[in-house]
Amino acid sequence: MKMKMIWKKFAAIVLLLSLITSGITYRAHAAEAASFTVPEGGYDGSPVTIRFYHTMGALLTAVLDNYIYEFNKLYPNITIEYTSIGGYDDLRDQIAEEIALGDAPNIAYCYGDHVALYNLAGAVVPLDDLIDDETVGLTDAQKGDFIARFYNEGRQFGDGLMYTLPMSKSTDVLYYNKTFFEKHNLTVPTTWEEMEQVCAAIKEIDPTSIPLGYDSESNWFINLCEQYGSPYTSASGDHYLFNNETNRGFVKMFRDWYQKGYVTTQTLYGAYTSGLFTNIEPNGIRCYMSIASSAGATYQRPAASEDGTYPFEVGIATIPQVDPASPKVTFKGPSLCLFKKDDPQEVMASWLFVKFLTTNTEFQSDFAMTSGYIPVLKSVEHNPVYAAYLAHADGGRYVAALSAKVCLEQESAYFAPPAFNGSANAANAVVTLLWKCMSAEDGGSVDTMIANEFSKAVGNCKQTPDTCGLTGLAAAKAYLQLLYNTASFDTAEDYTRVGAVRIDGVSYPVSWSVDTDAIQLLPSTDGMVAVGIIGGNLEEIHY
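Since we're looking at a predicted model, the values are computed, not measured.

What counts and what doesn't
- All residue numbers refer to position in the chain's written sequence, counted from 1.
- Only residues with pLDDT of at least 70 get local features here, since the model is predicted, and only at 80 or more are side-chain atom pairs given and counted; chain-wide, interface and lining totals rely on the full set of residues.
- By convention in this description, side-chain values take in all heavy atoms of the structure and omit both hydrogens and water.
- Put simply, DSSP marks the helices as runs of H or I at least four residues long and the strands as runs of E at least two long, and each gets a number from the N terminus on.
- When we talk radius of gyration, it's over C-alpha atoms, and the globule rule is simply 2.2 Å times the number of residues to the 0.38.
- Accessibility here uses a 1.4 Å probe with only protein chains present; expressed as a share of the type maximum, an area under 20% marks a residue as buried, one over 50% as exposed, and anything in between as partly exposed.
- We treat two strands as partners when DSSP finds at least two bridges between them.
- The span one expects for a helix is its residue count, reduced by one, times 1.5 Å.
- Any pair of N or O atoms that falls within 3.5 Å is considered a polar contact. Within protein, one atom must be able to donate a hydrogen and the other to accept it, and sequence-neighbouring residues count only if both atoms are side-chain atoms.
- An axis is simply a line fitted to the C-alpha atoms; with a helix, the fit covers only the stretch in contact. Between two such axes, the angle follows the N-to-C directions and lies from 0 to 180 degrees.
- Two aromatic rings from Phe, Tyr or Trp, using only the six-membered ring of Trp, form a pair when their centres are within 6.5 Å; if the ring planes differ by under 30 degrees the pair is stacked, by over 60 it is edge-to-face, and anything between is tilted.
- A pair is scored as a salt bridge if a Lys or Arg side-chain nitrogen falls within 4 Å of a carboxyl oxygen belonging to Asp or Glu.
- Note on definitions: a residue-residue contact is assigned when non-hydrogen atoms from the two residues lie within 4.5 Å.

Caption draft 1: Region of interest: the overall build of the protein. The helix and strand inventory of the protein stands at 20 helices and 20 strands. The C-alpha radius of gyration computed for the protein amounts to 25 Å, which stays within 12% of the reference 24 Å derived for 543 residues, consistent with globular compactness. Taken along its principal axes, the extent of the C-alpha atoms in the protein is 75 × 60 × 50 Å. The buried share of the protein, taken over its 543 residues, is 52%.

Caption draft 2: Structural view of the pairing of strand β10 (residues 289-293). For β10, the buried fraction is high: 4 of the 5 residues fall into the buried class. Across 5 bridges, strand β7 (residues 170-177) lies against β10 in antiparallel orientation. Opposite Val 173, over in β10, you have Ala 292 as the bridge partner. For strand β8 (residues 212-214) and β10, the ladder comprises 3 bridges, and the chain directions are parallel. From the neighbouring strand, Tyr 214 faces β10, where its bridge partner is Ile 291.

Caption draft 3: Structural detail: the sheet that holds strand β3 (residues 48-54). Within the open sheet, the 5 strands sit side by side as β4-β3-β5-β13-β6. Their pairing is mixed. Among the strands making up the open sheet, the edge pair consists of β4 (78-84) and β6 (165-166). Here β6 runs beside strand β13 (residues 335-338); their pairing, made up of 2 bridges, is antiparallel. Bridging across to β13, Leu 165 finds its partner in Leu 336.

Caption draft 4: Up close: helix α14 (residues 344-359). Look at α14: 22 Å from first C-alpha to last across 16 residues, which is about the 22 Å you get at 1.5 Å a residue. For α14, the tally of buried residues reaches 14 of 16 residues, placing the bulk of the element in the interior. The opening residue of α14 is Asp 343, an N-cap whose side-chain oxygen sits 2.9 Å from the backbone nitrogen of Gln 345.

Caption draft 5: Local environment of the sheet that holds strand β19 (residues 519-523). Overall, antiparallel pairing links the 3 strands, which are arranged β16-β20-β19 in an open sheet. Edge positions in the sheet fall to β16 (495-498) and β19, since each has one partner strand and no second. Pairs of neighbouring strands in the sheet enclose a mean axial angle of 30°, with direction left out of account. As paired strands, β16 and strand β20 (residues 528-533) are joined by 4 bridges and run antiparallel to one another.

Caption draft 6: Quick peek at the packing of aromatic side chains. Counted according to the given criterion, the structure contains 36 aromatic pairs. Ring geometry for Phe 52 against Phe 353: centres 6.1 Å apart, planes inclined by 75°, an arrangement best described as edge-to-face. In this pair, Phe 52 sits in strand β3 while Phe 353 sits in helix α14, placing the two residues 301 residues apart along the sequence. The exposure classification of Phe 52 matches that of Phe 353, with both residues buried. Aromatic side chains Tyr 240 and Phe 420 sit 5.8 Å apart centroid to centroid with 65° between the ring planes, which places their arrangement in the edge-to-face category.

Caption draft 7: Region of the structure containing the pattern of salt bridges. Under the defined criterion, the tally for this structure stands at 13 salt bridges. Its salt-bridge partner being Lys 252, residue Asp 447 comes within 3.0 Å of it at the nearest N-O pair. Here Asp 447 is found in helix α19 (residues 446-461), whereas its partner Lys 252 is found in helix α11 (residues 245-259), with 195 residues between them in sequence. By relative accessible area, which is 46% here, Asp 447 ends up partly exposed. Of the residues examined, Lys 252 reaches a relative accessible area of 37% and is grouped as partly exposed.

Caption draft 8: Representation of the environment of Glu 381 in the model. Within the fold, Glu 381 resides in the loop between α15 (361-371) and α16 (384-391). Under the relative-accessibility criterion, Glu 381 is labelled partly exposed at 35%. Between the C-alpha atom of Glu 381 and that of Leu 165, which follows or precedes it by 216 residues, the distance is 19 Å. Ignoring any residue separated from it by four or fewer positions in sequence, one finds Glu 381 in contact with Tyr 386, Ala 387, Leu 390 and Leu 408.

Caption draft 9: Molecular detail of the side chain of Thr 164. Relative to the helices and strands, Thr 164 resides in the loop between α7 (148-152) and β6. Its relative accessible area of 3% is what places Thr 164 among the buried residues. Residues in contact with Thr 164, not counting those within four places in the same chain, are Cys 110, Val 115, Leu 127, Glu 153, Gly 154, Ser 335, Leu 336 and Cys 337.

Below you can see the structure in the form of structure tokens.
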């Protein structure tokens with residue numbers, strides 16, 4: 001069979017969700033979440049195999065292997081089997097499908113919106129009782145060693161419970177061409193007003209330049225909301241609060257900057273703005289400042305010359321603020337969560353491994369130096385190996401260490417926006433909102449155009465099902481919609497969909513149907529339903 005492209009349109013095909021168990025009373029998820037009880041004596045030493053899903057590459061799995069070896073010196077009967085699964089979205093989707101079929105891993109890398117989805121199925125173990133247990137819990141010293149904002153991210157889900165521990169984090173920092181700044185007596189901006197002034201000055205020096213690049217439009221928007229004390233989102237009630245006068249005001253300001261040629265973003269430029277920042281071609285367009293991830297510091301450094309020197313020195317600073325006396329900057333990066341299991345010893349063994357990774361200063365040091373991420377423990381800064389690493393910090397060979405140093409110095413500035421089913425959609429919506437407002441024709445009224453784009457963005461967000469308080473069949477339907485939320489997509493490959501959704505231990509079978517005889521649906525032994533073409537020389541099918 002020859003075919004070019006098949007358009008397989010999936011559009012809310014939640015045609016039948018059948019309850020297979022009757023007479024069941026469903027409780028709120030917060031009550032279900034609190035159900036794990038630490039066994040007396042904790043882990044009993046029995047043989048346990050733990051599955052751990054993450055996104056690490058070869059360099060980081062080498063670090064992980066070393067510390068699994070160290071962990072097994074303490075717990076020889078706990079076997080850790082890990083799997084690296086593509087990117088974070090791939091990880092979320094695979095785990096969400098496995099939860100639906102009742103076969104989740106024991107431990108996973110996670111972001112807040114991942115956990116919100118998993119929690120809709122009641123699949124995540126709340127950590128409160130484990131953390132506070134006198135035998136296996138965290139000591140006061142261990143709790144206090146975490147960078148507080150990273151630790152408290154685990155409670156951002158609106159019910160007061162702790163679902164994650166931080167693994168490694170990154171944030172936005174301001175990279176600047178220190179050589180250029182010193183040559184032209186420019187001062188590193190600490191406020192957005194100063195940023196505008198510096199951009200204007202750079203434009204006079206180099207009229208062909210775009211003085212500032214900002215990689216993440218969503219981070220820019222979220223940071224400004226927090227800095228102004230203006231609403232962005234909420235984990236409960238009305239989730240999408242960002243359409244307000246203050247936020248429209250700063251977006252209008254950024255539009256003015258873009259129209260003057262002061263700034264570009266990853267979407268507007270079409271690539272990471274580090275390409276402009278590191279460009280040293282005489283006739284090329286250059287940025288002299290770039291706001292980007294702290295974990296990508298080496299990408300903000302120009303290529304070294306043959307003699308090992310760099311064309312310019314990179315400086316790194318905290319991003320500009322509305323009020324430098326009360327700095328705010330959001331952070332990202334994986335945390336770790338545990339999944340519920342019938343055998344409490346699996347949960348206990350999983351907890352011991354998560355505790356080991358997140359409270360071990362040596363592991364956090366090695367992992368941070370290898371990954372470029374920020375360690376989550378304050379004590380890492382005083383680890384001899386890591387302290388020596390920071391001591392080499394400079395704007396050239398050791399630019400990653402300089403980035404880490406800046407990040408550790410601004411720990412009190414960190415915040416995390418609320419996590420809920422729809423929080424990732426909100427972040428995506430403000431990306432589109434920002435670049436449209438910055439670049440679109442205004443139709444004669446900038447204010448009207450911006451107001452309309454804000455209204456559209458909120459409206460698009462509200463198409464995501466509100467899952468607060470949902471249980472049972474309603475939660476199963478919402479889970480399915482969130483899992484397969486792509487309205488349409490192109491593919492030349494067969495694919496699969498879950499044949500059931502498991503919510504709080506109850507399985508709801510899913511019946512799929514299709515509106516053409518050219519497509520067949522075939523249940524498989526693993527609980528999935530295969531979707532594929534039935535023979536013929538078909539080049540395109542719409543269904």
